[in-house]
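# Working through the structure, step by step
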Amino acid sequence: MSNATLGSLFVALGAAGALAGVVVVVLGLLGRRRGWWRDSAMLVGVMMAAAAGAFLVMERALITRDFTVSFVASHGSSRTPTLFNFATLWSALEGSILLWTLVLCGYVVAVVIKFRGRGDDPMMAWVMLTLFVVCSFFFLLMVGPARPFVSFDPQPFANGQPFDGPGPNPLLQNHILMAFHPPILYLGYVGFTVPFAFAMGALATGRVGEGWLLATRRWTVMAWGFLTLGVMLGAWWSYETLGWGGYWGWDPVENVSLLPWLTGTAFIHSVMVQERRGMLRVWNLSLVIATFSLTILGTFVTRSGVLESVHAFVESGIGPWFLTFFGLIVVVSLGLIAWRGDELRAPGRIDSPLSREGAFLMNNVVFAAFAFVVLLGTIFPLIVEAFDGRTLTVGSPYFERMTMPIGFVLLFLMAMAPVLPWRKASAGVLSERLIWPAWAGVGVILLSVLFGARGWAPLLAFGLGGFAGGAAMRQIILATRRQGWRGVVGRTNGGMIVHLGVVLIAVALAASNAYVRQEIFEMTPGETVEMSGHTFTFLGTEVVEFPNRVERQAAVRVDGGQVYEPAIAVYDFAGRLIGIPSVRSTLTDDVALSITELSDDGQTIFLRVTIQPLIVWLWIGGFVMAAGTLLAIVPGNRLSPTAPVSARADSASGSGTRRSKQLVP
Amino acid sequence: MTRGAGSAMGSRITRRLLAWLGVVVVGGSAFLFGAVDEGAPRTDADRVHSLAQNFGCPVCDGQSVAESDAVVARNIRQQIARRVDEGRSDESIIAELEAAFPGNDYTPAASGLSSLVWILPVVAGAGALAGLVVVFRRWRREIEAGATPADERLVADFLSETDATSAQPRAEPTEASADPTQADPTQAGPTQTDPTQVDERGDG
């Protein structure tokens, strides 16, 4: 059986499994037949097998260069290096939908395994129904507008050479991060389906208390961690391959990946208010729904070509499908919230703005404002065009000006919130707990000024960064002093490590934005130029042939030491010409070299030099955030999520006694 | 309280006040020094780069003139460099470019329909802040008013319910944690039980 046929069969099997799941659960719910929805788990197995089968068939087709599969003929090639050949699967629309579906099925399997003891619970029936509907959507995409397995008849070329494909977009096959960034981003995007399904289950069953939140707490944090890492790796990839010396351009595709991150971040904070105080129910449901629907909206924007983007590698007709699905999610969710309105009204109030929950509330308002600014700026050109037909661009100056104050407020809140007690804080407590973080902030400003940093905006960012970092460090030190190594695990402590990562990124962002220097030099061999205390000597060019490309490399000696070789690569098969930058990274600054023009005789180059401080700390900060997320999902030594404090402190059991000793000095 | 303890506490408060005064004076003056002194003056190359960054390349998808290697982008970069050389202002350079390549200025105009993109977030932000002020005021009033009959009824209902069900296993135990007293201590950080004691032990 050919790969195309086999793959199509798997896709059809998956679609049938997902649709059957929807039908079985609906019938089970209508007839109150618990056995039906419990046994729908078998259909999950079918979907998983189908998605995994389809994925493996596509990889086999790519690896064996089976050009009878249309996807391989249009995106694969015999010249693509092994790693990028494997990653070709997600370099184009049909394959990336396939990867999305595989990840989604993986999450559904994990849900079934994790909650196998609760198969009879009607809540789980609604959760499974939601998951089956989402799976059906993605499988149906692969049956309809985004078919990965279409037969193709490869003919030899006119010159007698056997058929060969063009390979993936050159930009997607020249950096190793391409192998990691999309799958990790998808793990994040898709992961939010699980809390969304539980939110739907809570609304449908009317059990809108804290149960669904507690059940999905780790899932949400994990999805958020993957999304964080995915967005960071995307920025890194863009910095290393696009050659303009930047890492974030406020491009529509970048913005839509940030949107679910913003609402997701708001959610993982406000969840704690609901768990503790039973408040903000509607708000939390809305955030989960917003996060999930924004991932769908993001995919629509990335894949439909409605907005111009440097990252829009594929355009296709699946836009209307995604827009319809997005509309459906929004309408159904809002309808459910309206229907449950009365039960969602939670008793309780926040006693004082100067309290942990008050700070979380502020945090949420600020993150919502952040998301609003990013969403508005991203879709505003579409709105204006619809109204008066004018084209307009909303670019980095807008986003930078609008988000900078938001960033300052968030850093300030990050310093305050961890030291605030629940309920209410007194001035005495605050002044005692904040004094060391405040001195940390002052110390950072002093050091920055001594090292020559100038300008109010970066200095304010550094100072607030020091303040927030100091607050996080203080919490970590107190916790480890009390609990030993357990002082860095669990949600709160892991969260503080995440905060440290955020501070690193904030400082690096502020520094690199404020002190970036860029210049383009026209150079001939032997010439040396100087910029910001660095020297660059152009030594000459050479032509290097690779199986899939020809590179014209320029040798440039930096600071009289190592030679760097930015290049212009010609992927002659695809007829594409791309620049390949070369970056020297140190802990203090980055020098990025790229060629904007190269004369035919190789005697004259136009060399773009970008010098930015602290770039490397963006990536380090991202990894610290990921590590903090991991620590945050490590279970603390509690017995069960609901074990009441009083019972444990009174009980004579081993762990209870130990705990009470730790907590009551 | 003995006189010794009282004066010890007094001196602690004085010490803390001095510490905060230090934060304000040292931090404030370092900040002012760094904020007022502009450091190295902006070079022409810096101006060319920042202008090129703020104008879209007319033939590229989502790249600025600074980022793109397209011929048009190169020409515009040269044009910007010439204008900077001639001593023209940033605004007039961008205006000239926008006239030649409409719709590519990255900064939306603050007039007409496009001004909405600036105004809406400010309005929404102000609205959200006002909303926060209103709810906190209402909450404060409620706290000052004490428990209403409705609150007392709720508590009575809850107590009678727990009495009735306490002998049976709960259908869904996770729902129970709505009660703040049952929250988990590991999730609360050091502020859960008696944080001031911990802190004092920690900070000396």
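What counts, and at which threshold
- Residues numbered from 1 in each chain as written.
- Chains lettered and ligands numbered in written order.
- Predicted model: local features only at pLDDT ≥ 70, side-chain atom pairs only at ≥ 80, totals over all residues.
- Helix = DSSP H or I, 4+ residues; strand = E, 2+ residues; numbered from the N terminus.
- Buried ≥ 20, exposed ≤ 12 C-beta atoms within 10 Å, placed from the backbone.
- Contact = placed C-beta atoms within 7 Å.
- Domains from an automatic or database assignment.
- Pairing = 2+ DSSP bridges.
- Axes fitted to C-alpha atoms, helices over the stretch in contact; angles between N-to-C directions.
- pLDDT = per-residue confidence, 0-100.
- Parallel < 35°, antiparallel > 145°, perpendicular 65-115°, else oblique.
- Left-handed = near helix turned anticlockwise from the far one by under 90°.
- Nonpolar A, V, L, I, M, F, W, Y, C, P; charged D, E, K, R; others polar.
- Core = buried A, V, L, I, M, F, W, Y, C linked by C-beta atoms within 7 Å.
- Expected span 1.5 Å × (residues − 1).

## Quick notes on the overall build of chain B
A count of helical and extended segments in chain B gives 7 helices and 0 strands. Mapped in sequence order, the helices and strands of chain B form the string α-α-α-α-α-α-α. Classification of the 204 residues of chain B by burial places 23% in the buried group. Restricting to contacts in chain B with at least 6 residues of sequence separation, those with at least 24 account for 40%.

## Digging into the domain arrangement of chain A
Think of interface size as the accessible area that goes away when the parts come together; that is how it is often given. Looking at chain A, the domain boundaries give domain 1 (1-153) and domain 2 (517-613). Inter-centroid distance (C-alpha atoms) of domain 1 of chain A to domain 2 of chain A is 44 Å.

## Re the sheet that holds strand S1 (residues 517-523) of chain A
All names here are of chain A. Strand order in the open sheet formed by 4 strands is S1-S10-S9-S8, and the pairing between neighbours is antiparallel. Both outer strands of the open sheet, S1 and strand S8 (582-585), are each paired with one neighbouring strand and no more. Geometrically, the sheet is characterised by an average inter-axis angle of 20 degrees between neighbouring strands, direction not taken into account. With 7 bridges joining them, S1 and strand S10 (residues 605-613) adopt antiparallel strand pairing. For Glu522, the partnering residue across the bridge sits in S10 and is Phe606.

## Examining the domain arrangement of chain B
According to the domain assignment, chain B consists of domain 1 (44-107) and domain 2 (108-163). The C-alpha-based centres of domain 1 of chain B and domain 2 of chain B are spaced at 46 Å.

## So, the confidence of the model for chain A
On average, residues of chain A carry a pLDDT of 88, and 93% of them reach 70 or more. Counting interchain partners and residues more than four positions distant, the pLDDT-below-50 stretch residues 639-665 of chain A has 29 contacts.

## Section: the pairing of strand S6 (residues 567-571) of chain A
All names here are of chain A. For S6, the buried fraction is high: 4 of the 5 residues fall into the buried class. Summarising the sheet, strand S4 (residues 550-558) and S6 pair through 4 bridges and their orientation is antiparallel. The residue bridging Gln553 from the neighbouring strand is Ala567, located in S6. Judged from the 5 bridges that link them, S6 and strand S7 (residues 576-580) form a sheet pairing that is antiparallel. Note that in S7 the partner of Val570 across the bridge is Leu577.

## Side note on the packing of helix H15 (residues 396-416) of chain A against helix H17 (residues 456-483) of chain A
The relative placement of two packed helices comes down to the angle between their axes together with the axis-to-axis distance. All names here are of chain A. Two elements in contact, H15 and H17, have axes separated by 7 Å at closest approach and are oriented at 25 degrees. It follows that H15 is roughly parallel to H17 by the angle criterion. For the crossing formed where H15 meets H17, the hand is left-handed. Taken together, the residues of H17 that come into contact with H15 (itself represented by Met404, Phe408, Leu411, Phe412, Met414 and Ala415) are Ala457, Leu460, Leu464, Gly465, Phe467, Ala468 and Ala471. The residue makeup of the contact of H15 with H17, split by class, is 12 nonpolar, 1 polar and no charged.

## A short note on the nonpolar core
Residue and element names in this part refer to chain A. By size, the foremost hydrophobic cluster in this structure holds 206 residues, and its most contacted members are Met47, Leu104, Val108, Cys135, Ala199, Val507 and Ala508. Top contributing element to this core by residue count: helix H9 (residues 211-241), with 18 residues. Those residues in contact with Val507 that sit more than four places away from it in its chain are Ala461, Phe462, Gly465, Leu614 and Trp617. If you look at the next biggest cluster of nonpolar residues, it comprises 19 residues, including Phe538, Ile580, Leu593 and Leu598.

## A short note on the packing of helix H14 (residues 356-388) of chain A against helix H5 (residues 116-145) of chain B
Two elements in contact, H14(A) and H5(B), have axes whose closest approach is 10 Å; the angle formed by their N-to-C orientations is 160 degrees. For the element pair H14(A) / H5(B), the angle class is roughly antiparallel. Considering how the two elements wind past one another, H14(A) and H5(B) form a crossing that is right-handed. Where H14(A) approaches H5(B), its residues A:Val365, A:Ala369, A:Phe372, A:Val373, A:Leu376, A:Gly377 and A:Phe380 are matched on the opposing element by B:Val117, B:Leu120, B:Pro121, B:Ala124, B:Gly125, B:Ala128 and B:Leu132. Each residue belonging to the contact of H14(A) with H5(B) can be placed in one class, and the counts come to 12 nonpolar, 2 polar and no charged.

## Describing helix H8 (residues 193-205) of chain A
All names here are of chain A. Along its 13 residues, H8 runs 18 Å from first to last C-alpha, staying within 8% of the 18 Å computed at 1.5 Å per residue. Counting buried residues along H8, 12 of its 13 residues qualify, which places the element largely inside the surrounding structure. Of the residues making up H8, those classed as buried are Thr193, Val194, Pro195, Phe196, Ala197, Phe198, Ala199, Met200, Gly201, Ala202, Leu203 and Ala204. Downstream of H8 by a residue or two, Gly206 has a phi angle that is positive, lying close to 80 degrees.

## Considering the environment of B:Ala35
Looking at the secondary structure, you find B:Ala35 in helix H1 (residues 3-36). For B:Ala35, a count of 17 C-beta atoms within 10 Å translates into the label partly exposed. Along the sequence, B:Ala35 and B:Glu91 sit 56 residues apart, while their C-alpha atoms lie 24 Å from each other. The contact partners of B:Ala35, leaving out residues within four places of it in the chain, are A:Gly455, A:Trp456 and A:Leu459.

## Quick look at the confidence of the model for chain B
Note that predicted coordinates carrying low pLDDT should not be read in detail. Residues and elements named next belong to chain B. Here chain B averages 76 in pLDDT, while 75% of its residues score no lower than 70. For chain B, the element scoring lowest by mean pLDDT is helix H7 (residues 195-203), at 33; helix H4 (residues 90-100) scores highest, at 92. The ipTM value of the predicted complex is 0.84, and its pTM value is 0.87.

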